[in-house]
Amino acid sequence: MSYKNILLMGKSGSGKSSMRNMIFSNYSAIDTRRLGATIDVERTQIRLLNNLNLSLMDCGGQDSYMLNYIKAGSTKLNNAELLIYVFDIEGTQPKDFEIFNLILNTLKNLSPRCKIFLLVHKMDLVNEEEREKVFLDFYVGVKSSSNLKFFLDQNNVQCAQTSIWDESLYKAWSQIVGSLIPETQALQKHLKNLGNIVSAEFIMIFETSTFLKIATHPNSLPKDEQADLDSITQRVSGIIKNYKKSVEKISARFRSLTLYANSKSIYLDNLTDNMVIMIVIPDSKIEKDINKSTTVKISEEKYVQDVIKRARKTFEKLDFSGKK
Amino acid sequence: MSYSDEDESLQYNSSGSNHNNDAATVILMGRRRSGKSSILEAVFHKMKPWESVYIESTAKPEVLNVASLININLMELPGQIDYVDPEYDNSQMFRQTGAIIYVIDAQDEYYGAVRNLIRVVEKAYMENPNIRVEVLVHKIDGLSEEFRDDTVRDIKDRTSEMLYDGGLESFAGIDFYQTSIYDQSIYEVLSKIISRLIPELPSLEHLLDNFVQHSAIEKAFICDLKSKLYFVTDSSPLDSKIYEVCAELIDLSIDLDSLLGGNHDDDSSSLEGSITEGAITDGESTPKQKRLRCVSKLSSGIKLYLHEVLKDLCLIAFIRDDGIGADDSATLAVLDYNAAIFRKGLERIFHDRL
Ligand SMILES: Nc1nc2c(ncn2[C@@H]2O[C@H](COP(=O)(O)OP(=O)(O)OP(=O)(O)O)[C@@H](O)[C@H]2O)c(=O)[nH]1
Ligand SMILES: Nc1nc2c(ncn2[C@@H]2O[C@H](COP(=O)(O)OP(=O)(O)O)[C@@H](O)[C@H]2O)c(=O)[nH]1
Ligand SMILES: [Mg+2]
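The model shown is predicted, which means the values in this text are computed figures rather than measured ones. (Residues numbered from 1 in each chain as written. Chains lettered and ligands numbered in written order. Predicted model: local features only at pLDDT ≥ 70, side-chain atom pairs only at ≥ 80, totals over all residues. Heavy atoms only, no water.)

A.B. asks: Hey, could you run me through the overall build of chain A in this one?
C.D. replies: Across its full length, chain A holds 10 helices and 11 strands. Counting the 324 residues in chain A, one finds 54% classified as buried. When contacts within chain A are restricted to residue pairs at least 6 apart in sequence, long-range pairs at least 24 apart make up 70% of them. Total accessible area on chain A stands at roughly 14,900 Å², and carbon and sulfur atoms take up 48% of it. (Helix = DSSP H or I, 4+ residues; strand = E, 2+ residues; numbered from the N terminus. Buried < 20%, exposed > 50% of the residue type's maximum accessible area, 1.4 Å probe, protein only. Contact = heavy atoms within 4.5 Å. Areas by Shrake-Rupley, 256 points an atom, 1.4 Å probe, with all protein chains shown as cover.)

Put into structure tokens, the structure is as follows:
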């Protein structure tokens, strides 16, 4: 089986293992306090969707390790698909940029096609009003680093701000995973169909184990609305993830959820082994042709469940790896 | 059915004002920094546990009014004032109090706290022989698992020794609990303490027992949606983990509702309006205030059912399918039906009050 190599690097204490454990091992933010420094490299194998196999290498960030990775003959930087490099917004010193540049230099030789994802982390420590500016200034600073230019020229660099204390973490990692998934057009098309059938306000698809967002419908909105939808998506992801984790305490696994809220109905269900679907339907749409009693509500539920059931076959056929 | 503090800033009512005459009073006491304010903030104002480090020391008595199934004034007495000082006239206070919650910091040296507790008990018992004293051995998260029971036992032993020395060995109204704001324990313990103060508890329990029997439910709760405290549960033994999951379901429902559904927090509908659900206005222009209803299925046939039966008050059922595989939608229809009957029973019990 072939794996895509993902490197997770950055100075010691910048928050790499915290992120990895929150996204892939169900840690909560508070749990990360008990993490010790990573010794050398911790490798995690992750399977997302049909055949998207990742090998995530969490590289301990103490200087001696970092210098080791760039030594001639080191295989760590070989064949890398993606480098995720973490900067602690508070604890980054000029010396750290030197190491970063050495890594980039080596990577340029060993994996020239590698994509780079920069995470400016621990942004919760920055005053909320200044966050955007501090982030942009930081990114501008990093970009002027000459060794990044090679990757910038190939359009292979992305940057996001993160904190384990808010949804920005999920947003950034959704972007990261999104950049690894091949064509999602077919998925998008089916979502649109589905949305029409159930008069959905929006639909979201999450990866089952990480609950990272894979796709949403609608998928292109005006900038403001899109930002709103993104933020809602990330928060939903966090809320459900938390719930999934809590039901494990009674040795159970999450299956589905139906919520009749104030003016919306919300349905969450497994779509395939790797995908959970969430459908949000505005109330008025369905209330038009039914009366208000609770028993009828259940038949609405049945209708939506039926639609999801029929959709399952279609979505199972969408083999992501087949489009490579 | 709402907390008296309407505004978003969620200030405590300053003491003295807003005292509700028919409200039960619960006093929170304990040494400085034992965690009293943190408990109130975490449970009633949704403060994250780690944010409690920024709470400033409380300078004067503060009252938090909680009005739901029961109307309670929770009064925090700051630790630095000596309330059992003969100079300080507290006889009135203890006479009107349903329970004293005494908070002891388990991570600190607690001998002084126990001594202070004894003086409080002596005084309170003298004024009000029916008073209950609930001792929270708090911040228990900081102790390793194996050390926790020992600590509580030690505090318990010292207390009864000193009660004995003071000739109070007959005082039975004292209980000890382990709590922490970092997990659900504080919710469970406060639920227990508060539910004891509800005069209608026996009839409510009976109502829940009926509900449970008729719907093949393992455990049922009546919970406050805002604080997640349960006021009543059926008479079967309580498994903390089940309550914990039910509390998580409340969090989830409230969070998803406020994120996607809109204005559940908006108290626009009057109390009356919310009880007579059948008579909701039909006009297109007035959106009706709909009640939350949530059903979640888990593996191995577990279902969680949450239904807001009165405003901010929900019925929660934990159901474990025996594997016979009854039709889900039929099960739910029965649940909805029984929940409606349950609501009627609740209205009957509270007819006078509502
Ligand atoms: N305030 C804040 N603290 C964070 C954040 N992310 C991580 N931390 C804390 O930073 C500390 C170090 O995190 P680790 O994840 O162990 O750091 P690391 O990058 O893996 O370090 P090495 O393994 O030595 O390379 C932990 O105590 C985390 O709780 C964040 O977003 N905000
Ligand atoms: N570890 C831990 N710390 C707590 C807990 N509850 C409160 N604290 C901390 O105890 C300190 C004092 O709390 P505070 O509520 O101000 O005490 P008060 O003077 O009794 O009102 C704060 O730093 C809280 O963060 C708990 O359950 N566990
Ligand atoms: Mg690490």
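A.B. asks: Would you mind showing me how to read the coordination of the magnesium ion (ligand 3) here?
C.D. replies: For a metal with four tetrahedral donors the ideal donor-metal-donor angle is 109.5 degrees, whereas six octahedral donors ideally subtend 90 or 180 degrees. Residue and element names in this part refer to chain A. Looking at the magnesium ion (ligand 3), one finds its protein donor set to be Ser17 (OG) and Thr38 (OG1), positioned 1.8 to 2.0 Å from the metal centre. Pair noted here: Ser17 is in helix α1 (residues 16-24) and Thr38 is in the loop between α1 and β2 (41-48), with a separation of 21 residues, a long-range link. No difference in accessibility class separates Ser17 from Thr38, as the two residues are buried. (Donors = N, O, S within 2.8 Å, 3.2 Å for Na, K, Ca; no water.)

A.B. asks: So what exactly am I meant to see when it comes to the site of ligand 1 here?
C.D. replies: Residue and element names in this part refer to chain A. Neighbouring ligand 1 are 22 residues; Ser12, Lys16, Ser18, Thr38 and Asp124 lie closest to it. Between an oxygen atom of ligand 1 and a main-chain N or O atom of Gly61, the distance comes to 2.7 Å. In the environment of ligand 1, an oxygen atom lies 2.9 Å from a nitrogen or oxygen atom belonging to the backbone of Ile164. Burial of ligand 1 by the surrounding chains reaches 87%, relative to a free accessible area of 660 Å². Among the elements that make up the shell around ligand 1, the one with the highest residue count is α1 (three residues). Among the residues making up the shell around ligand 1, the classes are represented as five nonpolar, 12 polar and five charged. (Near = heavy atom within 4 Å. Polar contact = N/O pair within 3.5 Å; in protein donor to acceptor, adjacent residues only side chain to side chain. Nonpolar A, V, L, I, M, F, W, Y, C, P; charged D, E, K, R; others polar.)

A.B. asks: So what exactly am I meant to see when it comes to the interface of chain B and chain A here?
C.D. replies: When the parts of a complex come together, some accessible area is lost, and that lost area is often used as the size of the interface. Taken together, the 40 residues of chain B in the interface contact 40 residues of chain A. A buried area of about 3,500 Å², summed over both sides, lies between chain B and chain A, and 61% of it is on carbon and sulfur atoms. By the criterion of area lost to chain A, the three top residues of chain B are B:Leu259, B:Leu260 and B:Lys290, representing 20% of everything that side buries. Across the contact surface, chain B and chain A share one salt bridge. (Buried area = accessible area lost by both parts, 1.4 Å probe. Salt bridge = Lys/Arg side-chain N within 4 Å of Asp/Glu carboxyl O.)

A.B. asks: So what exactly am I meant to see when it comes to the pattern of salt bridges here?
C.D. replies: A pair can form between side chains of opposite charge whenever their charged atoms are brought close. Residue and element names in this part refer to chain B. Applying the stated criterion across every chain yields a total of 31 salt bridges over all chains. Linking Lys219 and Asp234 is a salt bridge whose minimum nitrogen-to-oxygen distance equals 3.4 Å. On the criterion of sequence distance, the pair formed by Lys219 in strand β8 (residues 219-224) and Asp234 in the loop between β9 (230-233) and α7 (240-261) is long-range, its members being 15 residues apart. With a relative accessible area of 4%, Asp234 lands in the buried category. Between Asp312 and Lys226 there is a salt bridge, and its shortest N-O distance comes to 3.8 Å. Highlighted residues: Asp312 in the loop between β11 (302-310) and β12 (313-320) and Lys226 in the loop between β8 and β9, separated in sequence by 86 residues. Judged by relative accessible area, which is 27%, Lys226 ranks as partly exposed.

A.B. asks: How should I be thinking about the site of ligand 2 in this particular structure?
C.D. replies: All names here are of chain B. If you check the shell around ligand 2, you find 20 residues, and the closest are Lys36, Ser37, Ser38, Ser52 and Asp141. Ser38 is positioned such that a nitrogen or oxygen atom in its side chain is 2.5 Å from an oxygen atom of ligand 2. Here Ser52 contributes a side-chain N or O atom positioned 2.5 Å from an oxygen atom of ligand 2. Look at ligand 2: alone it shows 580 Å² of surface, and the protein chains cover 91% of it. Per element, the largest residue contribution to the shell around ligand 2 is three residues, and it comes from helix α1 (residues 36-45). Partitioning the shell around ligand 2 into residue classes produces four nonpolar, nine polar and seven charged.

A.B. asks: How should I be thinking about the confidence of the model for chain A in this particular structure?
C.D. replies: Where the model shows low pLDDT, its predicted coordinates should not be examined in detail. Counting all residues, the mean pLDDT for chain A is 85, and 92% of those residues have values of 70 or more. Ranking the elements of chain A by mean pLDDT puts helix α9 (residues 283-287) of chain A last, at 58, and strand β5 (residues 115-121) of chain A first, at 95. (pLDDT = per-residue confidence, 0-100.)

A.B. asks: Looking at this structure, I do not really get the side chain of B:Arg293. What am I missing?
C.D. replies: Residues and elements named next belong to chain B. Residue position: Arg293 is located in strand β10 (residues 293-298). What makes Arg293 buried here is its relative accessible area of 3%. Within the structure, Arg293 has its side chain in polar contact with the side chain of Asp336 (distance 3.0 Å).

A.B. asks: How should I be thinking about the state of the cysteines in this particular structure?
C.D. replies: Throughout this description, disulfide means a covalent bond between two cysteine sulfur atoms. Overall, the coordinates contain zero disulfides over all chains when judged by the stated rule. Free cysteine: B:Cys223, not disulfide-bonded; nearest cysteine sulfur from B:Cys314 at 5.1 Å. (Disulfide = S-S within 2.5 Å.)

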